[in-house]
Structure formats: C-alpha cells, structure tokens
Amino acid sequence: MNSNLNRMVERKKYKIVYVTPALYMAGGVERVLTLKANYFAEQLGYDITIILTEGKDKPYFFSLSSKVKVINFDLNFEELWTSSFLKKIWVYLPKQCRFKKLLTIELMRIRPDITISLLRRDINFINDIKDGSKKVGELHVNRYNYRLLDYLDRKFWGRCFEFFWKRRLLTHVKQLDKFVVLTQEDRDVWPELNDVAVIPLPLPFMPESMSPLIEKRVIAVGRYHYQKGFDLLLEAWEIVEKRYPDWKLSIYGQGDRKPYIDHARRLNLDLERCHLYGETPDIQSEYCNSSIFVLSSRYEGFGMVLIEAMACGVPCVAFNCPYGPSDIIKNGQDGYLVEFSNTQALANSICNLIENTELRKSFGKNARKNVLRYSQDTVMRQWVDLFDSLITKG
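1. Some remarks on the sheet that holds strand 11 (residues 292-295)
Right, on to step 1. Spatial strand order, 10-9-8-11-12-13: six strands in an open sheet with parallel pairing. Among the strands making up the open sheet, the edge pair consists of strand 10 (274-277) and strand 13 (335-338). Across this sheet, the average inter-strand angle for adjacent strands is 20 degrees, counted without regard to direction.
Right, on to step 2. Pairing analysis gives five bridges linking strand 8 (residues 217-221) to strand 9 (residues 248-252), with the strands arranged parallel. Bridge assignment links R217 to a residue of strand 9, and that residue is K248.
Right, on to step 3. Against the sheet, helix 6 (residues 230-243) touches strand 8, strand 9, strand 10, strand 11 and strand 12 (316-319), its axis set at about 175 degrees to strand 9.

2. A few points about empty space enclosed by the protein
Empty pockets left among the atoms are what a rolling probe the size of a water molecule brings to light.
Right, on to step 1. Counted by the stated rule, this structure contains one cavity of 30 Å³ or more.
Right, on to step 2. Along the walls of the largest cavity sit A220, V221, K228, F230, F293, V294, L295, S296 and S297, which together make up its complete lining.
Right, on to step 3. Elements represented by at least two residues in the lining of the largest cavity include exactly strand 8 and strand 11.
Right, on to step 4. Among the elements that take part in the lining of the largest cavity, strand 11 stands out by supplying three residues, more than any other.
Right, on to step 5. Partitioned by chemical class, the residues of the lining of the largest cavity number six nonpolar, two polar and one charged.

3. Regarding the packing of aromatic side chains
Right, on to step 1. Summed over the entire model, instances satisfying the criterion amount to 21 aromatic pairs.
Right, on to step 2. Ring geometry for Y224 versus Y260: centroids 5.7 Å apart, planes at 45 degrees, classification tilted. Remark: Y260 occurs in helix 7 (residues 258-266) and Y224 occurs in the loop between strand 8 and helix 6; sequence separation between them is 36 residues.
Right, on to step 3. Following the ring pairs from residue to residue traces out a cluster consisting of Y14, F40, Y46, W383 and F387.
Right, on to step 4. Looking at R298, its charged tip hangs above the ring of Y226, at a distance of 3.9 Å from the centre.

Cut-off values and rules
- Residues numbered from 1 in each chain as written.
- Predicted model: local features only at pLDDT ≥ 70, side-chain atom pairs only at ≥ 80, totals over all residues.
- Heavy atoms only, no water.
- Pairing = 2+ DSSP bridges.
- Helix = DSSP H or I, 4+ residues; strand = E, 2+ residues; numbered from the N terminus.
- Axes fitted to C-alpha atoms, helices over the stretch in contact; angles between N-to-C directions.
- Contact = heavy atoms within 4.5 Å.
- 1 Å grid on protein atoms, 1.4 Å probe; cavity = no way out; pocket = protein on both sides within 12 Å on 5 of 7 lines; lining within 4 Å.
- Points joined across faces, edges and corners; volume = space filled by probe spheres on them.
- Nonpolar A, V, L, I, M, F, W, Y, C, P; charged D, E, K, R; others polar.
- Phe/Tyr/Trp six-rings, centres within 6.5 Å; stacked < 30°, edge-to-face > 60°.
- Lys NZ or Arg CZ within 6 Å of the ring centre and 35° of its normal.

That's the geometry; what it means functionally is another story.
Pasting the structure below:
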C-alpha cells in the first residue's frame, strides 16, 4: 500500500450510494462503476451501496466485491426499449413514480453521506429526496450526445421531446451539490453551472510488460455502433491496405457486425487481413499483440480504450472528436490527433507509424509513461478530495 493510499485510508470512511440502471451489461459505465465501488470498499473501507432498477436475475458482468451491497428494485424500464413512443410514456410514468417512492425509502433508511447519480432516470427527482446526503451527478458522455433518442430518429415529436428532456436535465443538474464530467473540454460546454469538477476515468489495468510493437497489426475496440465510426475506419483502412498489404486490422466489440462486414466488402477489403471480431474477455492481450491503436469515433465521453492501449505501450491515432482524445493524447509525442472524419488524414497517420519503427516505439514508450496520470490511486484520490470538500462544506 503506497503512501498516498495510506493517507486516504486514514481519512473519514464515507457511506456512499450509487444509483444506476444495471450491472449485467459489458458497458463502460458498468465497468468503471464496478472498479470504483470495489476500490472504495476494499481499499478504503467505505460503506458502498449500489441501487439498480434492471437485471435482477442476471449475473454482474464485472466482478463485484462481496463488501459492496446491491439493492435491485426490479422495475424493468427495459421493456420500454421495444414499445412505441406513446406506449413508452404510458408505461414510463407509473414506473417512474414507483422508482421515486422506493429510492426515497432506501435513502431515508441508509442515510448516506453522499448519493451519486449516474444521471439516468433518478436525476429527475433525486434532489427532492431529503435524506441529508450530498447529491453528486456523474456524466459519462459529453453534453451534446447525452440522451440522444435513437429510436425516435428524425421524427418531429421525438425531437421536441428530446429538447424538453435536455432542458429539464439542466434544471436538475443545477440543483446538485457537485456535477462531475470526464474532460476539460466537456466542462467548458456547461457555462450555466458553477460546481463542475473534472475527474477522468481510472485506468482499469497496468500490465507489467508492454507491447514490443513488432506485430504488423492495427487494433480498434468499441461497440459496433454509429458513434464508434468503424465505417470511417474501414474507409481509411482501404488506403492503408493498398500501401501495406502485409499489415492487418483487427476490430473487437459487441453488437451487430454485419453492416460493417458488408461495408468492408463494398470497399473490396481483404477480409483475411481485415478482421471484425466480437468482444473478447482478454482485451489486454490483444493490445499487447498490436502495434497501433486507432480510435475513429464520431464522439466520446472520454475514450477509455485510448488509455488502455497506452498502458500497454501502444501508440494511438485518433480523430479529434468531442470529447476526450485531445485530453488524453499528446499529439506528436505519444500518438496522433487528426482532423475529425478526415479518413485520408487518419490513413496517413497510421501509415506514418507503420513506416517509422523507431517513432512507433518512441510514441509507445511515451504513451505508457504519460498514461500514469490515470492510475487508479491518482484518480481515486481526486474522488476522495471531492468527498472531503463536500462534507467539510457542510
């Protein structure tokens, strides 16, 4: 146990409640929440409770400490996913009323020092619960891509509802004791708020050894979703593949791969060298068996995959999308930031690292060193400082 952790252990042991929908999915929010809850409970001795609304009979995807308590209201908001817009409203309102009632009962019983909302359905009423706890909101996506209602697409009423929803969000967030975002860029787009803190995501692992950067392989990781821009990556890879036929591209992620495989075929890519895989239980090994990481996202909340790759000593090439990459990558030192959606620039940067072995190794070494600012101890110390400031302020 290092000296920083020793000092944290000596501080007050807080009682904290997290409120989020579920823990059974392999998502970034679920992963980070599990990591933090485990750290607070195991390393700092905090009393941690996670309150859920979904997946009562489903196993947690990420391993959760036995010291973390979990309460599941089993409200099944997920049935709304397959309902029409009007039915969503009809079903949502009674569920939401029950959610407020149950959460009020539990918070009044637990009496936590701090209640942390992951800014889902509970943000609509959590400030009204007078349990004595400080209320903190934690946003894992950027402001402009929060609560995009994909299922409503371009329908007029859907856009109106989304606009109203986001206006309501601002009203609720203003009432919080503290609002936490992941990047400096995102903090700058909340000018209406005074109590905004920036705390990045913690690095989930730090391997003992780094990639030797000798494998002729480029890697990308993320959901098969419009956000991740894998269609743009494949267009860039069309350029790279022609110049370096001995290199391969490997994409790992969950979701429907078929539209991207079809796109690769339309681009006449060699599917023996352009692989679109499902998710893998050992992504760390895949990073360490790669020489370049590419992030082609249209938008991000942070970019956890960037710091994961950097921890493995893999240089990164990323679109300078909103928000995250520009906070993480030091352009020209541990990776490249390229103009958003410019597939030619993305391809050129990948090719530059392919061509220059020594530059690739220099970037990889710098990446592994620079990413230490996201170590668990460093990031969790920022959370402890925030808790201390809230409780001291009274």
